Amino acid sequence: MWEFQSWYYNMTGMMDAYYVDFGVQYPFNDDFTLHLMAQYLNEQELSNSGYEASIYGGLCEFVFGDLGINFAYNHSDKKTDKESFSGAGGGTLFTNMDMMIMDNITKDREVDAIVSGLVYNHGSISLLYAYGDFSGKADSLGEKAHIVEQNFNVDYNINDEFLVAFIYVMSEDKQSVLKTEYDYDRTQLMINYNF
């Protein structure tokens, strides 16, 4: 099955954004599926907003019955004194994690992000582990960035109306010996019941 989407987005006074992604899902048999995707995001600055970016990436996922393994990559080119805005509410990039996204470190530097994940779905239970490595080359002041985030998720759909979801996030700033805003643990429990 082939997949394709493209859109244009104007954020008044900030930027014009052009996005495209495409890919294929290929089932080798009932138990094994390969999923390949590519994406490109181009942002053009408006009104000296400081937002301008060129980001591309890819995603490869293997699904073996209830188990999925995925690898994602995104690269953002350096735009002097500019940064990216990949969207609100989670954004569009394949490497977006629970808290960390490339936008956090793209200002005035080239950034590479690699995320790998393991997903297990069985009946009403879903388990996810994801590891993300976000690395930024030196900006105009010579400062680099290197953030690692790990996500642990458990979702339990008790029935069609009742969901319990748990997430634990560990984030670490590998570039700084001192504690920064990227050094933290976060825990969230959500109980959702639809009447």
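No experiment lies behind these values; they were computed from the predicted model shown.

A. Just the pattern of salt bridges, in detail. For the coordinates displayed, the defined rule picks out 5 salt bridges. A salt bridge links Asp139 to Arg109, with the nearest nitrogen and oxygen atoms 3.4 Å apart. Of this pair, Asp139 sits in the loop between strand 7 (125–136) and strand 8 (145–157) while Arg109 sits in the loop between strand 5 (67–76) and strand 6 (111–122), and the two are 30 residues apart along the sequence. An identical accessibility class is assigned to Asp139 and Arg109; each is buried. A salt bridge links Glu110 to Lys137, with the shortest nitrogen-to-oxygen separation between them at 3.5 Å. One end of the pair, Glu110, is in the loop between strand 5 and strand 6; the other, Lys137, is in the loop between strand 7 and strand 8, with 27 residues separating them in the sequence. Judged by its relative accessible area of 46%, Lys137 is partly exposed.

B. Region of the structure containing the side chain of Asp16. Note that Asp16 resides in strand 2 (residues 15–29). In terms of polar contacts, Asp16 uses its side chain to reach the side chain of Tyr8, at 2.7 Å. Residues contacting Asp16, with those up to four places away along its chain left out, are Tyr8, Tyr9, Asn10, Asn42, Glu43, Gln44 and Leu46.

Parameters at a glance
- Residues numbered from 1 in each chain as written.
- Predicted model: local features only at pLDDT ≥ 70, side-chain atom pairs only at ≥ 80, totals over all residues.
- Heavy atoms only, no water.
- Salt bridge = Lys/Arg side-chain N within 4 Å of Asp/Glu carboxyl O.
- Helix = DSSP H or I, 4+ residues; strand = E, 2+ residues; numbered from the N terminus.
- Buried < 20%, exposed > 50% of the residue type's maximum accessible area, 1.4 Å probe, protein only.
- Polar contact = N/O pair within 3.5 Å; in protein donor to acceptor, adjacent residues only side chain to side chain.
- Contact = heavy atoms within 4.5 Å.

Just geometry here; none of it tells us what the structure is for.
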